[in-house]
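# Chains, contacts and geometry: an overview
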Amino acid sequence: SRDAANYGPPNLNFTNYGDLTDGNRSRRYVHTWTFGDGWTFVRKQHTVTAGFDFTRTQWNTLADPNARGTLFFGGLATSALTSEGLPVARTGNDFADYLLGYPQQSTIRFGSPDSYMRSSQYGVFVQDEWRARPNLTFNLGLRYDNWRPFTEKYGRLSNLDIAPGTTAAVVVMPGSMGPYSGVTPDGMIRPDNNNLSPRLGFSWKPRQKGRTIVRGGYGMFFDGSVYSRIPSRLAQQPPFATSATFNTTASAPLTMLNPFQGPADTTIRNSYAVTPDYLVPNAQTWNLSVQQDVKGHVIEAGYVATK
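The following paragraphs examine the structure supplied in this document. (Residues numbered from 1 in each chain as written. Predicted model: local features only at pLDDT ≥ 70, side-chain atom pairs only at ≥ 80, totals over all residues. Heavy atoms only, no water.)

### Examining the environment of Ile189
Note on placement: Ile189 falls in the loop between β12 (182-183) and β13 (195-204). Given a relative accessible area of 2%, Ile189 falls into the buried group. In sequence terms Ile189 and Phe150 are 39 residues apart; their C-alpha atoms lie 8.7 Å from each other. (Helix = DSSP H or I, 4+ residues; strand = E, 2+ residues; numbered from the N terminus. Buried < 20%, exposed > 50% of the residue type's maximum accessible area, 1.4 Å probe, protein only.)

Listed below in structure tokens is the structure:
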């Protein structure tokens, strides 16, 4: 990197010792707008609640997380070698490699440090509390969420379109045509539009004047926060940034003086990829409990299962 904000020593990683790192330039502005409303209607034995919410999120970031590079010392240079050239177990020392100036691996990534991520989330719900009898109540509900994958304001995201069987890969950008997966979405992931979450519950008192209450329920929940962990990895990758990984070899050993020179491992240097058909993860929960009031003490036993 030729940006003066990135001048300084590289990060040093060891196998047996603590890493040595220095602070990197970082600036981030997060803007979140949220709007929602709800209504409640009471009709005889039914209390119906309905509503909606909308959230708009913007991340404006300036950072080069690995512009100074990272050197890894694993003890390879000071290890004894077998006849096949492989290191002998329990030989070599990572700190000795460092003192001699022979890193085992080096990585670096810099360029295009600014990114402007955008995303929206929509949600609607309805729930009915139905008092079917004086001693029996049902809760029936349904929620729908739609999380839009993050996009970058200027389209500076890159992904890998990977062939079946992982036999080949091609770098793709928003709107480009991938040879294996078709048109690349703006957010690199096709929106998951099937996030329907049912809610079922009941409360039953077997005897109106008794002290026993039976409760049960079922619900499905979706985790849309997974989308927030993807864009920072797909930004700042080639072709919008310089990225490379080098491993030392007997014929071309890495040195402390020239740790980022030599042939890169692969022609495709992108570090991260995600399938365009990635689905929002979900969990299903069942519960059943029996509560008994015995001489002023409330005793409860129950069963909870999550899938």
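### Comments concerning the side chain of Ser120
Relative to the helices and strands, Ser120 is located in strand β6 (residues 114-133). At 2.8 Å, the side chain of Ser120 forms a polar contact with the side chain of Arg56. Not counting chain neighbours up to four residues away, the residues in contact with Ser120 comprise Phe54, Thr55, Arg56, Asn146, Trp147 and Arg148. (Polar contact = N/O pair within 3.5 Å; in protein donor to acceptor, adjacent residues only side chain to side chain. Contact = heavy atoms within 4.5 Å.)

### Description of the pattern of salt bridges
On inspection of all chains with the given rule, the structure shows eight salt bridges. Arg190 is the partner of Asp277 in a salt bridge, and the nearest nitrogen-oxygen pair spans 2.7 Å. Of this pair, Asp277 sits in the loop between β15 (242-247) and β16 (282-294) while Arg190 sits in the loop between β12 and β13; the two residues are 87 residues apart in sequence, bridging distant segments of the chain. One continuous salt-bridge network, built from bridges that share partners, spans Asp53, Arg143 and Asp145. (Salt bridge = Lys/Arg side-chain N within 4 Å of Asp/Glu carboxyl O.)

### Looking at the packing of aromatic side chains
Applying the stated criterion to the full structure yields 14 aromatic pairs. Measuring from centroid to centroid gives 6.5 Å for Phe14 and Tyr17, while their planes differ by 80 degrees, and the two rings are edge-to-face. Put simply, the rings of Phe14, Tyr17, Phe73, Phe95 and Tyr98 touch in pairs and so form one group of aromatic residues. Note that Arg28 overlies the ring of Trp59, its terminal NZ or CZ placed 4.5 Å from the centroid. Geometry around Tyr272 places Arg233 over its ring, the cationic atom sitting 5.8 Å from the centre. (Phe/Tyr/Trp six-rings, centres within 6.5 Å; stacked < 30°, edge-to-face > 60°. Lys NZ or Arg CZ within 6 Å of the ring centre and 35° of its normal.)

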